[in-house]
Amino acid sequence: MSRSKFTEYKQAARNFWVPEPHFTEKDYPDLTGKTYVITGGHSGVGLEATKLLIGKGAKVIIVGRNKEKAQDVLKELPDGKFDFAEADLADLTTISTAGDYITKNYPEIHGVILNAGVMTPPYSKTAQGHELQWGTNVVGHQAIMKYLTPIVIKTAKTSPPGTVRLVWVSSSAVVISGLPGGINFDDINYEKEENPSPHVLYSQSKIGNAYQAYLWSKNHPDSGVISVSVDPGNLKSNLQRHSSEFLKKAFNYVLYPAQYGAYTELAALLAPDVHDGEHLIPWGVPGHLRWDVDEGRKGEKGEHLWKKLEGDVKDFVKESYP
Ligand SMILES: NC(=O)c1ccc[n+]([C@@H]2O[C@H](COP(=O)([O-])OP(=O)(O)OC[C@H]3O[C@@H](n4cnc5c(N)ncnc54)[C@H](OP(=O)(O)O)[C@@H]3O)[C@@H](O)[C@H]2O)c1
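The sections below set out a description of the structure shown in this document. Keep in mind the model is a prediction, meaning the values are calculated, not measured.

As enumerated under the stated definition, the model contains 12 salt bridges in all. Notably, a salt bridge pairs Arg297 with Asp294, separated by 2.9 Å at the nearest N-O pair. Of this pair, Arg297 and Asp294 both sit in helix 9 (residues 291-298), 3 residues apart, which is roughly one turn of that helix. Judged by relative accessible area, which is 2%, Arg297 ranks as buried. It is possible to trace a salt-bridge network through shared partners that takes in Asp294, Arg297 and Lys298.

To continue, consider the side chain of Gln240. Tracing the backbone shows Gln240 in the loop between strand 6 (226-230) and helix 7 (245-252). For Gln240, the side chain forms a polar contact with the main-chain oxygen of Leu235, separated by 3.4 Å. With residues up to four places along the chain from it excluded, the contact list for Gln240 reads Met119, Leu235, Lys248 and Leu255.

Near the ligand you find 28 residues, and of these Ser43, Arg65, Asn115, Tyr202 and Ser237 are the closest. A distance of 3.3 Å is found between an oxygen atom of the ligand and a side-chain nitrogen or oxygen belonging to His42. Take Val45: an N or O atom from its main chain is 2.8 Å from an oxygen atom of the ligand. For the ligand, the accessible surface in isolation is 890 Å², of which the surrounding protein chains cover 94%.

Conventions we followed
- Residues numbered from 1 in each chain as written.
- Predicted model: local features only at pLDDT ≥ 70, side-chain atom pairs only at ≥ 80, totals over all residues.
- Heavy atoms only, no water.
- Salt bridge = Lys/Arg side-chain N within 4 Å of Asp/Glu carboxyl O.
- Helix = DSSP H or I, 4+ residues; strand = E, 2+ residues; numbered from the N terminus.
- Buried < 20%, exposed > 50% of the residue type's maximum accessible area, 1.4 Å probe, protein only.
- Polar contact = N/O pair within 3.5 Å; in protein donor to acceptor, adjacent residues only side chain to side chain.
- Contact = heavy atoms within 4.5 Å.
- Near = heavy atom within 4 Å.
- Areas by Shrake-Rupley, 256 points an atom, 1.4 Å probe, with all protein chains shown as cover.

If you want it as structure tokens, here you go:
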């Protein structure tokens, strides 16, 4: 095994035994008057992040696919401290409703956590024909960011430097896909392969999120917004719903409470000394992104992916958005 592969696997193994978090609610600043968007902010890690931000006075706009189904969770949150914008990331025709709603009602957004995700479902496709994990985790987030981008850039112009941030939620699963650069550019939807591994497809989508973190900044130079990727950790949540009973049982003993994942995401969102393009690992410390993924996103592969994603979403975003 090469030295870089060894580093990557060692880092993934660290997720099973992580030192206590160094940046938690006791360290967060007062967030009164600030507004954040969290996709999937009503479940698992996203819900814990929502609660922590609200606890510090912020307002959180949750982007989710079904407000009615989220009611049990939402009624536990304090009135006036959250909002819900409905969008199914697996159907790009639904994104503009949420995008327009946020744009009309929220002139300032101080940070976005691109957190929603689906892991290892049976192979299927989104409404627009993207493989489900890629379509939801990557393409759906590209689309919603078309609406949020002008607002975060505007907010950054009037905010203290380095405080407006985008957090793209990746995973230690980036080690699974063995392709150089991590993305199967010849067949992103894995249509040519019979029974593609759902784990490889999940890995590819989480690599896609790490590309997006870097590429968003590259394509919005001088925005004043910090854009980072995170591996939130190995956490108890609803994410394992498609895993086998064996895996669920085996992992149950080694997963951390979802709140720890929120500590990772919120360190990326709020901690001082977080730098554009950085990749953070549990519970919010600087980490190492798989070297060929990092190299890929900074080179031609990254350029190609950004063009492709922008092309994928352009018909679903109103022309007035950049
Ligand atoms: N848990 C872990 O160990 C772990 C490890 C590494 C990375 N992550 C990443 O952490 C993030 C949060 O996951 P979690 O563990 O908190 O899982 P979770 O409890 O299942 O939360 C995922 C959220 O994504 C939403 N979502 C899924 N498909 C969607 C769609 N088509 N449109 C809109 N929203 C959709 C879900 O909404 P519904 O309630 O409607 O399904 C839910 O709110 C994910 O990006 C995941 O890949 C988690």
